[in-house]
Amino acid sequence: MQETPQQYLERILAHVEGKDPLRVQRSTAKKLTALVKRLDHQLVVKRPSPEKWSIGEILAHLADTELVAGWRIRSILGQNGQPIQAFDQDVWATTFDYRRRDPKASLELFRVLRHSNLTLLQSVPKNLWENYGMHQERGKETVAHLVRLFAGHDLNHLQQVERIRNQGRRRRGANSK
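Colleague: Where do I start with the pairing of strand S2 (residues 132-135) in this structure?
Modeller: For a regular strand, the rule is simple: side chains alternate between the two faces of the sheet. Alternating positions in S2 separate cleanly, Gly 133 and His 135 being buried on one face and Tyr 132 and Met 134 remaining unburied on the opposite face. Inspection of the sheet shows strand S1 (residues 82-84) paired to S2 by three bridges, in the parallel sense. Following the sheet pairing, Ile 84 is matched in S2 by His 135. Two strands pair when backbone bridges link them, and S2 and strand S3 (residues 139-142) are joined in this way by four bridges, in the antiparallel orientation. Bridge pairing in S3 places Met 134 opposite Lys 140. Linking S2 back to S3 in an antiparallel pair, the connection comprises three residues.

Colleague: I keep staring at the sheet that holds S2 and nothing clicks. Help me out?
Modeller: Two modes of strand pairing occur in sheets, parallel and antiparallel, and in both the strands are linked by backbone hydrogen bonds. Pairing in this open sheet of three strands is mixed, and the strands run S1-S2-S3 from one edge to the other. Of all strands in the sheet, those with a lone pairing partner are S1 and S3, marking the two edges. Neighbour-to-neighbour, the strand axes of the sheet open up by a mean angle of 35°, direction not taken into account. Of the strands in this sheet, S1, S2 and S3 touch helix H4 (residues 55-78), which is tilted by about 160° from S1.

Rules used in this analysis
- Residues numbered from 1 in each chain as written.
- Predicted model: local features only at pLDDT ≥ 70, side-chain atom pairs only at ≥ 80, totals over all residues.
- Heavy atoms only, no water.
- Buried < 20%, exposed > 50% of the residue type's maximum accessible area, 1.4 Å probe, protein only.
- Helix = DSSP H or I, 4+ residues; strand = E, 2+ residues; numbered from the N terminus.
- Pairing = 2+ DSSP bridges.
- Axes fitted to C-alpha atoms, helices over the stretch in contact; angles between N-to-C directions.
- Contact = heavy atoms within 4.5 Å.

Shape descriptors only; they carry no functional weight alone.
Below is the structure:
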């Protein structure tokens, strides 16, 4: 059963509750790098189950999502009330062939885009963080809300990467006994 846009928001925002969203965003690329640093390529590209993304696919998704984040934030800052187009992450994963993307290149692209977006956010006056866009599915979203949302999104995917990594290590350890 697919979750509603409201259920998705609640789940993602719960990850960042009580945390500084900018601090979360500043640390994500380093945490991802540490999580995948010494992983066997096979573990990075192997899906934990047929319907779940591999670590490599998650990295590709994070890079594309950071591109979307930058566009949304810039659009909203440039024109308050801007319509925000939704996108289907699964369609993007298939269309842009996340399974064949180079995980290292995806992580580097994510790192560079994140740095650019954080630099932008630091450069604009805080009152502009109340500018909003009208998301096609979720309604009014301010820049401040998007900052929290993308931080929660980071934490959600960091947990997924860690879980896949740990499962893969346990399986490898069991197979070597």
